[in-house]
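Listed below are the residues making up each chain.
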Amino acid sequence: MAHVLPDLPYAYDALEPYISKQIMELHHKKHHQTYVNALNAAEQAYAKASTPKERIALQSALKFNGGGHINHSLFWKNLAPSASEGKGNGGVLRDGPLKEAITKTFGSFDSFKKEFNATTAAIQGSGWGWLGYNPQTKVLEITTTPNQDPLLSHVPIIGVDIWEHAFYLQYLNVKADYLNAIWNVINFDEAEKRFLEAQSGAKL
């Protein structure tokens, strides 16, 4: 069954002023759609491949475009219109299990954001910053993946796209400004849902 581009759970301009309508339209309609199209093409080619060599040759395309589709599908859900703009619940970390776990692990919410931003900004080239749940140690950890690699070592709780297409038209080359702004539109309700599912061992 072919993969399809998921609809956004909000309008393209809903994350303004933190993420512009122009960026959201290009990011969703162009970039994510390209990953979906290329993943479908790679899977069709893989199904027709008759030799191990042909299948091996398709691995990078499957990983890159499959990761791009997985990561962006999570990313859209991890964003929400900002509460500070009176638009929604974005940026609000309510009292509850996720806030308790973040505070326990990182000392405070502000300390967590600083560490996350520093780790993610340090990615060389393109990639993703993650807050992940380690199923072995059962704790939250900040980690990164290069390019469009999906997070496989942890259950993804929050993912932030640090590819230039996610921010350049608005923030130019100043990653720090983009990373500071995005916390205003992070959907912590969705993140907490994923955290609780991770703790219960659900497959995400």
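Scroll up to find the structure this text is about.
Residues numbered from 1 in each chain as written. Predicted model: local features only at pLDDT ≥ 70, side-chain atom pairs only at ≥ 80, totals over all residues. Heavy atoms only, no water.

Caption draft 1: Representation of the overall build of the chain. Within the chain, the secondary structure is distributed over 8 helices and 3 strands. Order of helices (α) and strands (β) in the chain, N terminus to C terminus: α-α-α-α-α-β-β-β-α-α-α. Against the compact-globule benchmark of 17 Å for 204 residues, the chain has a radius of gyration of 17 Å, which places it among compact chains. When burial is assessed residue by residue, the chain has 46% of its 204 residues classed as buried. Within the chain, contacts between residues separated by at least 24 positions form 66% of all contacts whose residues are at least 6 apart in sequence. A total of about 10300 Å² of accessible surface is found on the chain, and carbon and sulfur atoms cover 53% of it. When the 19 basic and 20 acidic side-chain charges of the chain are each reduced to a single mean position, those positions are 6 Å apart. (Helix = DSSP H or I, 4+ residues; strand = E, 2+ residues; numbered from the N terminus. Rg over C-alpha atoms; globule rule 2.2 N^0.38 Å. Buried < 20%, exposed > 50% of the residue type's maximum accessible area, 1.4 Å probe, protein only. Contact = heavy atoms within 4.5 Å. Areas by Shrake-Rupley, 256 points an atom, 1.4 Å probe, with all protein chains shown as cover. Lys, Arg positive; Asp, Glu negative; His and termini not counted. Charge placed at Lys NZ, Arg CZ, Asp CG, Glu CD.)

Caption draft 2: Region of interest: the sheet that holds strand β3 (residues 155-161). Within the open sheet, the 3 strands sit side by side as β2-β1-β3. Their pairing is antiparallel. Where the open sheet ends on each side, the last strands, each with one partner, are β2 (139-146) and β3. Each adjacent strand pair in this sheet contributes to an overall mean axis angle of 25°, direction not counted. The pairing of strand β1 (residues 127-134) with β3 spans 6 bridges and is classified as antiparallel. (Pairing = 2+ DSSP bridges. Axes fitted to C-alpha atoms, helices over the stretch in contact; angles between N-to-C directions.)

Caption draft 3: Quick peek at the nonpolar core. Within the largest apolar cluster, 48 residues are counted, with the highest numbers of intra-cluster contacts made by Leu 131, Leu 140, Ile 157, Tyr 178 and Ile 182. Residue contacts for Leu 140: discarding those within four places in its chain leaves Leu 98, Ala 101, Ile 102, Thr 105, Phe 106, Leu 131, Gly 132, Tyr 133, Ile 157 and Phe 195. (Core = buried A, V, L, I, M, F, W, Y, C linked by side-chain atoms within 4.5 Å.)

Caption draft 4: Local environment of the pattern of salt bridges. Throughout the structure, instances matching the rule amount to 5 salt bridges. One salt bridge connects Glu 25 with Lys 29, and the closest N-O pair in it is separated by 3.9 Å. Highlighted residues: Glu 25 and Lys 29, both in helix α1 (residues 21-48), separated by 4 residues, approximately one helical turn. Residue Lys 99 pairs with Asp 95 through a salt bridge whose shortest N-O separation is 3.0 Å. (Salt bridge = Lys/Arg side-chain N within 4 Å of Asp/Glu carboxyl O.)

Caption draft 5: Inspection of the side chain of Asp 161 at higher detail. Looking at where Asp 161 falls in the secondary structure, it is placed in strand β3. Within the local environment of Asp 161, its side chain forms a polar contact with the backbone nitrogen of Trp 163, the two atoms lying 2.9 Å apart. If we ignore the near neighbours within four places in the chain, the residues touching Asp 161 are His 27, His 72, Phe 75, Gly 127, Trp 128, Ala 166 and Tyr 178. (Polar contact = N/O pair within 3.5 Å; in protein donor to acceptor, adjacent residues only side chain to side chain.)

Caption draft 6: A look at helix α3 (residues 59-77). In this model, α3 (19 residues) spans 27 Å end to end at C-alpha, consistent with the 27 Å of a helix rising 1.5 Å per residue. If you check which residues of α3 are buried, you get Leu 62, Asn 65, Gly 66, Gly 67, Gly 68, His 69, Asn 71, His 72, Leu 74, Phe 75 and Trp 76. Contact partners of the buried residues in α3: α1, β1, β3, α7 (175-182) and α8 (188-199). (Expected span 1.5 Å × (residues − 1).)

Caption draft 7: Representation of the packing of aromatic side chains within the structure. Evaluation of the coordinates by the stated rule reveals 15 aromatic pairs. Considering the side-chain rings of Tyr 35 and Phe 64, the 5.7 Å spacing of their centres and the 70° angle between planes classify their relative orientation as edge-to-face. Residue Tyr 35 is found in helix α1, and its partner Phe 64 is found in helix α3; the two are separated by 29 residues along the sequence. According to the relative accessible area criterion, Phe 64 is partly exposed, its value standing at 32%. (Phe/Tyr/Trp six-rings, centres within 6.5 Å; stacked < 30°, edge-to-face > 60°.)

Caption draft 8: Highlighting helix α5 (residues 109-121). Taking 1.5 Å per residue as the helical rise, α5 with its 13 residues ought to reach 18 Å, and the 18 Å between its terminal C-alpha atoms agrees with that figure. All of the buried residues along α5 are Phe 112, Phe 116, Asn 117 and Thr 120. Buried positions in α5, seen along its axis, are confined to an arc of 125° and lie on one side of it. Pointing more than 90 degrees away from the buried face of α5 are the exposed residues Lys 114 and Ala 118. Residues of α5 that are buried sit in contact with α4 (97-106), β1, β2, β3 and α7. (Arc of directions from axis to C-beta.)

Keep in mind these numbers describe shape, not what the thing actually does.
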